[in-house]
2 protein chains.
Amino acid sequence: MTDMTDPRQTALAQTLPATVPFVAPERMEELRGAPFDARLGANELSFGPSPKALEAMAQSLSGVWTYGEPENRDLRLAIAARHGITPESVTVGEGIDGLLGNLVRLYVGPGETVVTSAGSYPTFNYHVAGFGGALHTVPYKNDHEDPEALISKAREVGAKLVYLSNPNNPMGSVHSAQTVQDMIEAVPEGCLMILDEAYSEFAPESTRPAIDVTDRRVIRFRTFSKAYGMAGARIGYGIAHPVVATAFDKIRNHFGVNRIAQAGALAAFEDRDYLSETLGKVALGRAKIIQIAQDNGLTSLPSATNFVAVDCGQDGTFARAILTALAARGVFVRMPGIAPLDRCIRISVGRPEELEVLAARLPLALADARAAVA
Amino acid sequence: MTDMTDPRQTALAQTLPATVPFVAPERMEELRGAPFDARLGANELSFGPSPKALEAMAQSLSGVWTYGEPENRDLRLAIAARHGITPESVTVGEGIDGLLGNLVRLYVGPGETVVTSAGSYPTFNYHVAGFGGALHTVPYKNDHEDPEALISKAREVGAKLVYLSNPNNPMGSVHSAQTVQDMIEAVPEGCLMILDEAYSEFAPESTRPAIDVTDRRVIRFRTFSKAYGMAGARIGYGIAHPVVATAFDKIRNHFGVNRIAQAGALAAFEDRDYLSETLGKVALGRAKIIQIAQDNGLTSLPSATNFVAVDCGQDGTFARAILTALAARGVFVRMPGIAPLDRCIRISVGRPEELEVLAARLPLALADARAAVA
């Protein structure tokens, strides 16, 4: 057996496990020996992106031999124009995952503290650990992240960063703009608030505080992976005070954004009609999931996203058994990792035919699960 | 005037400048108010990728709503099979730039030392600075990187990493496989050698040491940006002992590689006929650049890459004046940053019509430059 440690690595790197935040559905398909019939686990947009985005990406292929434009100017200008801000307040990166990693790197030294909610986005926690930060968590409150507890903990531990997703993944819950704004106002001196708005396009306008890039206390992240249907393109952006947004230029991989993604994102961003259409379809899909859950005697949590957390009415063991049974029956779904959230499974809005598959197989999976945990 | 410092950032981040390793040709075009007629500055492959890669990317667009497969399995298996190694020795990332950043993060703590050649790849130096490493350089020797001096310096300063590109960018020079293997054998205890083979497909087989993934002393980087013509896709790979290659899984952005890039890279890698064709075209282009230089009384350095370093016969000021004049006349070219390398300009093999533009405008640019520095 080879010794898999490497004493040449940094002390921090030596302590880190080789890990993947999420097991990929492709790997699960390989293990079960067949493709899934319904891919409802990664909160992707099964309807795909705007035809205009697809056309822009197809057009851009002939130029794939050139590096992407490293300042992401066209996209930053479009985003800035929409929000009435300057492009110095917009930073573009390889999805929110990539932006979160760079933000942690900029703000969190070894041993410095970060606050988030127990059961919230695991990839953020992965980056905090990866830069040696000390993560403190507070519990959810009524299946919502708890702004007061987050701020209170941030104050208590002297946090460099405090994380809130609005709407929340994995529960689908959302706070009002006022509640979020109150949290921003309460961010302690020396701390930066991350407002992860990956799902915000799906939520009502009244949940989005006004963008104010004169405020150094908050950075907001948005993405083309969810409502714009381009998860595989890897492109997202941050909006913040220029002192925060331009800091990414100190460390980012400047030529790191794929040029096909740049072209697609710009076209997707400009096609507001398609976004409206998408939101309508997602609302129908949510209603369908809620109906399917109800038909099976399960309760759904209210959702402001493109997924629904379905309360399976027992503990994490039971929910996990349902997940396993669904996977065995060709339906890919994920679930929260931590109690009490893990009484739920999280079902993404898929295409209508995928939700039909869910409707047909959920009763069988529930029976499997009840037998398994009996 | 806004205060652009942020005391919440790490001490290291506060010291870093917001920078771009290279000014993009798009920005230069914006400044000059017109597009370039010949894009010969970024060592891209103007012929573009294999039609099979383009077809694979076009096909993959319909699936862009899904995240890419986070383990890059298909591509890693193909690379591993080609070299008779296991996929645990292959790591895929967002171009060599992205891989270099993660490697530095894994191996270099603040104040730890790294050795490279003065005038070699600036983006590597950027990453070393970005993680607080202390960079030590040795000079080139006869326009080649100097393996003996690199090893000697690495030993002297107790380097964690020592960098060699083979073939070398920006000079186009190359060492034999034996010379590189001798360098690997001499890597001091506690040090890891980076063998950057971004351009190695353009060079003779006799310049590539046998791949030996039982050797923990070296990691080799290759890319789809150069010989495969996919710079804008952002995908490259590392080959190393599993202990080194799998270490990237501790910190990388697991879903960070664009799925269109994954599809294109696999198809490009398998199309060996197209690669052969490309190498033939690049050889013709190199010969054409050498001829153009000679027609203008300039000497070319031997090149094992898809670019030619042309010795302008004077100092950096003169070479820079030629660069400026070429840009003003619609020809994008770059040059080494440090004396004595900066007596040269670096001209990428472009399409034949681009090299015709170069042939027509280089005499004029030379006259401009002679007038400017007179």
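Position numbers for residues count from 1 along each chain, tracking the sequence in the order it is written. Both sets of labels track the order of writing: A upward for chains, 1 upward for ligands. Per-residue local features are limited, in this predicted model, to residues with pLDDT of at least 70; the limit for side-chain atom pairs, both in listing and counting, is 80 or more; totals at the level of whole chains, interfaces and linings are taken over all residues. Side-chain calculation: all heavy atoms of the structure are included, whereas hydrogens and water are not.

1. Observations regarding the domain arrangement of chain A
Think of interface size as the accessible area that goes away when the parts come together; that is how it is often given.
Residues and elements named next belong to chain A.
No. 1: For the domains described, the bounds stem from an automatic or database domain assignment. Taken domain by domain, chain A comprises domain 1 (22-48 + 273-373) and domain 2 (51-270).
No. 2: Between the C-alpha centres of domain 1 and domain 2 there is a distance of 26 Å.
No. 3: Across the boundary between the two partners, domain 1 contributes 26 residues, which contact 25 residues of domain 2.
No. 4: Buried surface area refers to the total accessible area, computed with a probe of radius 1.4 Å, that the two partners give up upon joining, counted for both partners together. Interface area for domain 1 against domain 2, summed over the two sides, is near 1900 Å², with a carbon-plus-sulfur share of 67%.
No. 5: Criterion for a salt bridge: a side-chain nitrogen of Lys or Arg within 4 Å of a carboxyl oxygen of Asp or Glu. The tally of links between domain 1 and domain 2 comes to 1 salt bridge.
No. 6: Counting of polar contacts relies on pairs of N or O atoms within 3.5 Å, with two restrictions inside protein: one atom must be capable of donating a hydrogen and the other of accepting it, and residues adjacent in sequence are counted only when both atoms are side-chain atoms. On the surface where domain 1 and domain 2 come into contact, there are 6 residue pairs in polar contact (both at pLDDT 80 or more).
No. 7: Within the residue set of the side of domain 1 that touches domain 2, elements represented by two or more residues are helix H11 (272-295), strand E10 (307-311) and strand E12 (344-348). In what follows, a contact means two residues having at least one pair of non-hydrogen atoms within 4.5 Å. Secondary structure elements are defined from DSSP: runs of H or I of at least 4 residues count as helices, runs of E of at least 2 residues count as strands, and each element is numbered from the N terminus.

2. A look at the relation of the copies chain B and chain A
No. 1: Least squares is used to superpose the copies, and the fit set is the C-alpha atoms of residues whose pLDDT is at least 70 in both copies. When chain B is fitted to chain A, the residual RMSD is 0.0 Å, and the transformation amounts to a turn of 180 degrees plus an axial shift of 0.0 Å. Accordingly, the operation relating the two chain copies is best matched by a two-fold axis. For chain B, the residue whose C-alpha comes nearest the rotation axis is Ala58(B), separated from it by 3.1 Å.
No. 2: Comparing contact sets, 100% of the residues at the interface of chain B also lie at the interface in chain A, consistent with an isologous, same-surface contact.

3. Re the nonpolar core
No. 1: Buried Ala, Val, Leu, Ile, Met, Phe, Trp, Tyr and Cys residues form a nonpolar core when they are joined through side-chain atoms within 4.5 Å. We call a residue buried when its accessible area falls under 20% of the maximum for its residue type, exposed when it is over 50%, and partly exposed in between, using a 1.4 Å probe and counting protein chains only. With 204 residues, the main nonpolar core has Phe124(A), Leu161(A), Ile235(A), Ile345(A), Ile235(B) and Ile345(B) as its most contacted residues.
No. 2: Other than its neighbours up to four places away in sequence, Ile345(B) contacts Val308(B), Ala309(B), Val310(B), Cys312(B), Ala319(B), Ile322(B), Leu323(B), Leu326(B), Val333(B), Arg334(B) and Met335(B).
No. 3: Ala154(B), Ala159(B), Met183(B) and Val187(B) belong to the second largest nonpolar core, which has 17 residues in total.

4. Observations concerning the interface of chain B and chain A
No. 1: Across the contact, 86 residues belong to chain B and 86 residues belong to chain A.
No. 2: Of the roughly 7000 Å² buried at the junction of chain B and chain A (both faces included), carbon and sulfur atoms supply 56%.
No. 3: It is Arg8(B), Trp65(B) and Tyr67(B) that lose the most area in chain B upon contact with chain A, and together they represent 14% of the buried surface on that side.
No. 4: Between the two partners, chain B and chain A, sit 4 salt bridges.
No. 5: In this structure, the salt-bridge partner of Glu71(A) is Arg27(B), at a minimum N-O distance of 3.1 Å.
No. 6: Connecting chain B to chain A are 51 residue pairs in polar contact (both at pLDDT 80 or more).
No. 7: Of all elements in the fold, only helix H1 (11-15), helix H2 (25-32), helix H3 (51-60), helix H5 (95-107), helix H6 (122-130), helix H9 (242-245) and helix H10 (259-270) of chain B reach the threshold of two or more residues within the side of chain B that touches chain A.
No. 8: No other element matches H5(B), which puts 5 residues into the side of chain B that touches chain A.
No. 9: Each residue is assigned to one class: nonpolar for Ala, Val, Leu, Ile, Met, Phe, Trp, Tyr, Cys and Pro, charged for Asp, Glu, Lys and Arg, and polar for all the others, Gly among them. Taken together, the residues of the side of chain B that touches chain A break down into 39 nonpolar, 23 polar and 24 charged.

5. Points about the pattern of salt bridges
All names here are of chain B.
No. 1: For the structure shown, the criterion picks out 43 salt bridges over all chains.
No. 2: Between aspartate 311 and arginine 343 there is a salt bridge whose closest N-O contact spans 2.9 Å. Here arginine 343 lies in the loop between strand E11 (331-332) and strand E12 (344-348) and aspartate 311 lies in strand E10 (residues 307-311), a separation of 32 residues in the sequence. The pair formed by aspartate 311 and arginine 343 is uniform in burial state, with each residue classed as buried.

6. Considering the pairing of strand E3 (residues 113-117) of chain B
Residue and element names in this part refer to chain B.
No. 1: The buried count for E3 comes to 5 of 5 residues, which makes it a mostly enclosed element.
No. 2: Alternating positions in E3 separate into two faces, Thr113, Val115 and Ser117 on one and Val114 and Thr116 on the other, with burial throughout.
No. 3: In this view, the connection linking E3 to its parallel neighbour strand E4 (residues 134-138) by way of H6 has right-handed handedness.
No. 4: Two strands are said to pair when DSSP picks up at least two bridges between them. Bridge count between E3 and strand E5 (residues 161-165): 2 bridges; the pairing is parallel. Each residue of the ladder has a partner; that of valine 115, found in E5, is valine 162. Classification remark: right-handed applies to a crossover when, strands pointing away from the viewer, the course from the first strand over the helix to the second runs clockwise.

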